[in-house]
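Structure assessment
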Amino acid sequence: MKKILFASSEAVPFIKTGGLADVVGSLPKNFPSGKYDVRVILPKYACMDKRFLKDLTPVTEFYAELGWRKQYAGILKAEADGIQYYFVDNEYYFAGDRPYGEIYQDVEKFAFFSKAVLDALDKIDFFPDIIHCNDWQTGLIPVFLEKIYRKKEKYRNIRTVFSIHNIRFQGRWKMNEVRDVTGLSGEVFTPEGMESYGEANYLKGGIVYADAVTTVSKSYAMEIMTPEGGEGLDGVLRKYAFKLFGIANGLDYDIYNPKKDAYIPFRFHTSDVMKKKPKNKEKLQEKMGLPKHPDAFLIGMVSRMSDQKGFDLVACILEKILSTENVQFAVLGTGEERYENMFRYFAEKYPDKLSANISYSENIAHLIYAGADAFLMPSLFEPCGLTQLIALRYGTVPIVRETGGLKDTVEPYNKFTQEGTGFSFANYDAEELADRIHTARELYDTQKSCWKGIMIRGMKKNFSWKSSVEEYEKLYESVCQIKM
Ligand code: ADP
Ligand code: GLC
């Protein structure tokens, strides 16, 4: 039995700000249970879903050393979906109403978390074959393991896999302060270690010291090795290309399943989607306060409002699209104020055509996936993207930019061969985006059977974890062969 410990800063159902939580909440339970004992360790945030906070069972407590500091760490546990979850408790670090705050606080917070994860292994008596770390918040785990813990017998054979879900976020901070907080020294803070552009960089630490590095799609794995996509770390990634792998995310098929989704009013499958989607669409229009026009081409968006997601392109085209096309927009998201305000402005100017719900809501998100005709995701970059996968599964045709995981998962419609599952454009260019929306809308209006073909092909695609889990299994096997 292989023992794997996932270390992450978020996981469904406990705490979620984005796709990382979906992945850590679903990948572990997809490994064959007879072959793997997969567990997960998370911070115990004060802002975690209250339903779970009260049901955590205390396991142990100790003090973690952070440089000259000794900080209290409690370990609690809970089970969800057959997976054992551990939580690191410290009311000072994990207070507040959000998991992340100012970066200077977060670097200490996640140095503490990384240290506590390694210390906890001894206390919970679970020495995994592999610690699977996720994003910069856990980047110090491979560093601490290599520089401090490896010396202890029980830690000698632990291997690490480090997954990059978004290279934009790196956990960079002043060298002196990171040196002080971590108690690390020497070559760790050189360009061969985690130094990067004069700062200490947790993500780079993960890349350099982990036994294998993965990212969440094959295209993104290539993109981050280029100056355009590497956010300054492309050189390091090219150096370590031999241990870099792109493995696409899957979807939690229990949660995102139009046949049994409890959030949606009319559940459906491929055989009755043409009957049920219009009913869900009507409910969505009602919920969003849009006129119930069955023929309006309803475009949904569910997204963090960040420039990553292509909102600058959307800003360039909205006036033209809203003033000339028979479309409706149902938008759900929160994030940067300038984008939130942009949607507020257009919702006021075109109340019959655009409705923006500036909030976080599972309920409305699922209603958009089920009720919209198309799903817009013109990302500047996209490591994998889960929302287009959900849209595909719900017969909602994605309109995307060909980048990262979007390029790997949405096949452009070909009118000659009647193949493809969505619409896409190559350049980060507003005209191209407007053109693709126009083409999609025209097809929807005039060639219903072709549109239906696109929907059904998308719904039939398999985005479960199965094939990706096989890739992870192979990777785990090879990582365990590495001699220490
Ligand atoms: P990212 O992690 O970059 O934000 P992903 O596509 O990987 O993008 O995952 C986003 C996840 O967050 C999806 O599960 C999506 O449904 C969810 N999500 C994003 N914004 C909202 C929102 N405002 N309300 C509800 N769910 C949201
Ligand atoms: C990140 C990426 C997103 C990806 C998710 C899960 O948040 O932005 O593309 O799907 O992580 O890996």
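In the block above lies the structure referred to throughout.
Residues numbered from 1 in each chain as written. Chains lettered and ligands numbered in written order. Predicted model: local features only at pLDDT ≥ 70, side-chain atom pairs only at ≥ 80, totals over all residues. Heavy atoms only, no water.

Observations regarding the packing of aromatic side chains
Put simply, the rule is: Stacked, edge-to-face and tilted labels apply to pairs of Phe, Tyr and Trp rings (six-membered ring for Trp) whose centres lie within 6.5 Å, assigned for plane angles under 30 degrees, over 60, and everything in between, in that order. Numbering goes from the N terminus for both helices and strands, where a helix is a DSSP run of H or I of at least four residues and a strand is a run of E of at least two. Residue burial is assigned from relative accessible area. The probe radius is 1.4 Å, only protein chains are included, and a residue is buried under 20% of its type maximum, exposed over 50%, and partly exposed in between. Charge-over-ring contacts are defined here by two conditions on Lys NZ or Arg CZ: a distance within 6 Å of the ring centre and an angle within 35 degrees of the ring normal.
This structure, assessed with the given rule, holds 32 aromatic pairs. Ring plane angle 45 degrees and centroid distance 6.3 Å describe the contact between tyrosine 369 and tyrosine 394, whose orientation is recorded as tilted. Of the two residues, tyrosine 369 is situated in helix H12 (residues 362–371) and tyrosine 394 in the loop between helix H13 (387–393) and strand E17 (397–401); the sequence distance between them amounts to 25 residues. You can call tyrosine 394 buried: its relative accessible area is 0%. Taken together, the ring pairs in this structure connect Tyr45, Tyr92, Tyr93, Phe94 and Phe112 into an aromatic cluster. We note lysine 243 situated over the ring of tyrosine 240; from NZ or CZ to the ring centre the distance is 4.5 Å. One residue, arginine 393, lies across the ring of tyrosine 253, its end atom 3.5 Å from the ring centre.

Quick word on the site of ligand 1
So the rule is basically this: Neighbouring residues are identified by heavy atoms, a residue being near a molecule or strand if any of them is within 4 Å of it. Distance and chemistry together define a polar contact, namely a pair of N or O atoms within 3.5 Å, with one atom able to donate a hydrogen and the other to accept it when in protein, and with adjacent residues in sequence counting only for side-chain atoms on both sides. Only the protein chains shown count as cover for residues, and the accessible areas themselves come from Shrake-Rupley with a 1.4 Å probe.
Surveying the vicinity of ligand 1 reveals 21 residues, the closest of which are Gly19, Asp22, Arg304, Lys309 and Tyr369. In this structure, an oxygen atom belonging to ligand 1 sits 2.8 Å away from a side-chain N or O atom of lysine 309. For ligand 1, an oxygen atom lies 2.8 Å from a polar atom in the backbone of leucine 386. Coverage of ligand 1 by the protein chains reaches 93% of its 570 Å² of free accessible surface. Only helix H1 (19–26), strand E13 (297–305), strand E14 (327–335) and H12 provide two or more residues apiece to the shell around ligand 1.

Read these as spatial facts, not as claims about activity.
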